[in-house]
Amino acid sequence: MLELGRLEDLPQDYRDALSAQNLVPLWPSLRAVLPPGQPRPNTRATAWSYQGLRPLLLQAGELTPIEKAERRVLVLANPGHGLEKMQASAAIYLGMQLLLPGEWAPSHRHTPNAVRMIVEGEGAYTTVDGEKCPMSRGDLILTPTGLWHEHGHDGSEPVVWLDVLDLPLVHYMEASYHIDGSRQTVQPGRGDRVHAHGGLLPTPMFEGARKAYPMLRYPWVEARAALLALAEDQPALDAVQLRYSNPATGGDALNILGFYALMLRPGQTLQLPARSPASVFHVIEGGLQAQIGDQAFALAEADTCCAPGYTPITLRNASPDAAAFVFIADESPLHRKLGVYETR
Ligand code: GTQ
């Protein structure tokens, strides 16, 4: 490869003259912005242990009242980006949010898209666009861009969920902002009931205003049952995986990040090809060994890890008798829309 000229090769007075007119020579930085062969991601394979973070999250519950936090969240930050950037990958933000019994996280809406994957506890709910969505372990609840959302808790134990947002990307785009609202009036209508039966859609014949996001809550009981049915129906299938989709369009549930539920049969090893998007794995049930490039992680229930793009990944369920269930988030809808999606 051709050796390119360095900044130091240029006389200082020339460099000063360039700077004075907001000009920069490309060639000293060309290889940094267009590296040979493949990108040099800052995203590092990183794992967060739930048993490790849980006491610190509960301690936040004692140290910081909800009124002082608005959202009581510990961010799962990737050291490769610098912890202060609060990002797991280029486009993915992860946070563990705690809501205590009786607490209220007030209504707001914002441009980034969010989902919540419920990790622990019963009795909390999130109201999204007037729809009250109960939170149970493993449920996925969408908060698409621009929709009002607030969290409440009528139960008796702490509730914890994993927030996944496309905040780093929307912030990078200089398009991130929020608006505070007032308590929503809960409206009748439950998308998870209407869309609980695969392939059967409400007919648009006499429709009112059609919702862009007709399904906001994906109950884990349904996803789990669908995975078990798929595994049983197709015994030779390696990737027993479901994609969370918008039932009205069949497309991805949200525009920027993709969401999936994966089942690993007892003893199964699954090799994933290197793909351009970064991804996140969160163990809903069981345990998992994750090999991400040259790094190995042992993930227990409720643990979370992230993997950079362009990296081969091997997932292994070492249990001889129990299936493992994994929630996956990735950047593939974004990569496909940008035209940069690839598998190697
Ligand atoms: O629950 O609305 O982790 O607005 C970050 C920003 C959660 C939320 C986060 C948010 C929320």
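Higher on the page you've got the structure.
This section reports on the structure supplied with the text.

Cut-offs used in this document
Residues numbered from 1 in each chain as written. Predicted model: local features only at pLDDT ≥ 70, side-chain atom pairs only at ≥ 80, totals over all residues. Heavy atoms only, no water. Pairing = 2+ DSSP bridges. Helix = DSSP H or I, 4+ residues; strand = E, 2+ residues; numbered from the N terminus. Near = heavy atom within 4 Å. Polar contact = N/O pair within 3.5 Å; in protein donor to acceptor, adjacent residues only side chain to side chain. Areas by Shrake-Rupley, 256 points an atom, 1.4 Å probe, with all protein chains shown as cover. Nonpolar A, V, L, I, M, F, W, Y, C, P; charged D, E, K, R; others polar. Salt bridge = Lys/Arg side-chain N within 4 Å of Asp/Glu carboxyl O. Buried < 20%, exposed > 50% of the residue type's maximum accessible area, 1.4 Å probe, protein only. Axes fitted to C-alpha atoms, helices over the stretch in contact; angles between N-to-C directions. Phe/Tyr/Trp six-rings, centres within 6.5 Å; stacked < 30°, edge-to-face > 60°. Lys NZ or Arg CZ within 6 Å of the ring centre and 35° of its normal.

1. Concerning the sheet that holds strand 5 (residues 114-120)
Strand order across the open sheet formed by 6 strands is 2-3-10-5-8-12, with antiparallel pairing between neighbours. The sheet terminates laterally at strand 2 (73-75) and strand 12 (217-218), the two strands that pair on one side only. One ladder, built from 3 bridges, connects strand 2 with strand 3 (residues 93-99); its direction is antiparallel. Counted as the bridge partner of Val-73 is Gln-97 from strand 3.

2. Quick look at the site of the ligand
Taken together, the residues surrounding the ligand are Arg-71, Val-73, Tyr-93, Gln-97, His-108, His-110, Arg-116, His-149, His-151 and Asp-163. In this structure, Arg-71 approaches the ligand through a side-chain N or O atom, which is 2.8 Å from an oxygen atom. At a separation of 2.8 Å, an oxygen atom of the ligand approaches a polar side-chain atom of Tyr-93. Notes on the ligand: free accessible area 290 Å², of which the protein chains cover 89%. Secondary-structure elements contributing two or more residues to the shell around the ligand are strand 3, strand 4 (104-110) and strand 9 (149-153). For the shell around the ligand, the residue count by class is 2 nonpolar, 5 polar and 3 charged.

3. Observations concerning the pattern of salt bridges
For the structure on display, the rule yields 12 salt bridges. Between Asp-139 and Arg-217 there is a salt bridge, with its nearest N and O atoms 2.7 Å apart. Of this pair, Asp-139 sits in the loop between strand 7 (131-134) and strand 8 (140-143) while Arg-217 sits in strand 12, placing them 78 residues apart in sequence. Asp-139 gets classed as buried once you look at its relative accessible area, which sits at 2%. Arg-217 is paired through a salt bridge with Asp-192; the nearest N and O atoms lie 2.6 Å apart.

4. Description of the sheet that holds strand 7
The antiparallel open sheet is built from 5 strands, whose spatial order is 7-6-9-4-11. Looking along the sheet, the strands with just one partner apiece sit at the ends: strand 7 and strand 11 (178-180). Taken over all neighbouring pairs, the strand axes of this sheet differ in orientation by 25° on average, direction set aside. Here 3 bridges tie strand 4 to strand 9, and the two strands are oriented antiparallel to one another. By the bridge assignment, His-108 is partnered in strand 9 with His-149.

5. Brief notes about the packing of aromatic side chains
If you walk through the whole model with that rule in mind, you get 4 aromatic pairs. With a centroid separation of 5.3 Å and 90° between ring planes, the pair formed by Tyr-218 and Tyr-244 is classed as edge-to-face. Separated by 26 residues along the polypeptide, Tyr-218 in strand 12 and Tyr-244 in the loop between strand 13 (240-243) and strand 14 (258-264) bring together distant segments of the chain. Per residue, the accessibility class of Tyr-218 equals that of Tyr-244, and both read buried. A cation over an aromatic ring shows up here: Arg-109 above the ring of Trp-148, its NZ or CZ 4.7 Å from the ring centre.

6. Structural notes on unusual backbone geometry
Positive phi, normally seen in glycine, also occurs at Met-86, with a value near 55°. One can find Met-86 in the loop between strand 2 and strand 3. Residue Met-86 is classed as partly exposed on the basis of its relative accessible area, which comes to 41%. The phi dihedral of Asp-129 falls on the positive side, at around 55°, and the residue is not glycine. Relative to the elements of secondary structure, Asp-129 occurs in the loop between strand 6 (124-128) and strand 7. Note on Asp-129: relative accessible area 33%, which makes it partly exposed.

7. Considering the pairing of strand 18 (residues 295-299)
Alignment of strand 17 (residues 288-292) against strand 18, held across 5 bridges, turns out to be antiparallel. Within strand 18, the residue paired with Ile-292 across the bridge is Gln-295. With antiparallel pairing between neighbouring strands as the criterion, strand 17 and strand 18 make up a hairpin whose turn holds 2 residues, including Gly-293 at a positive phi of roughly 60°.

Geometry only, nothing functional implied.
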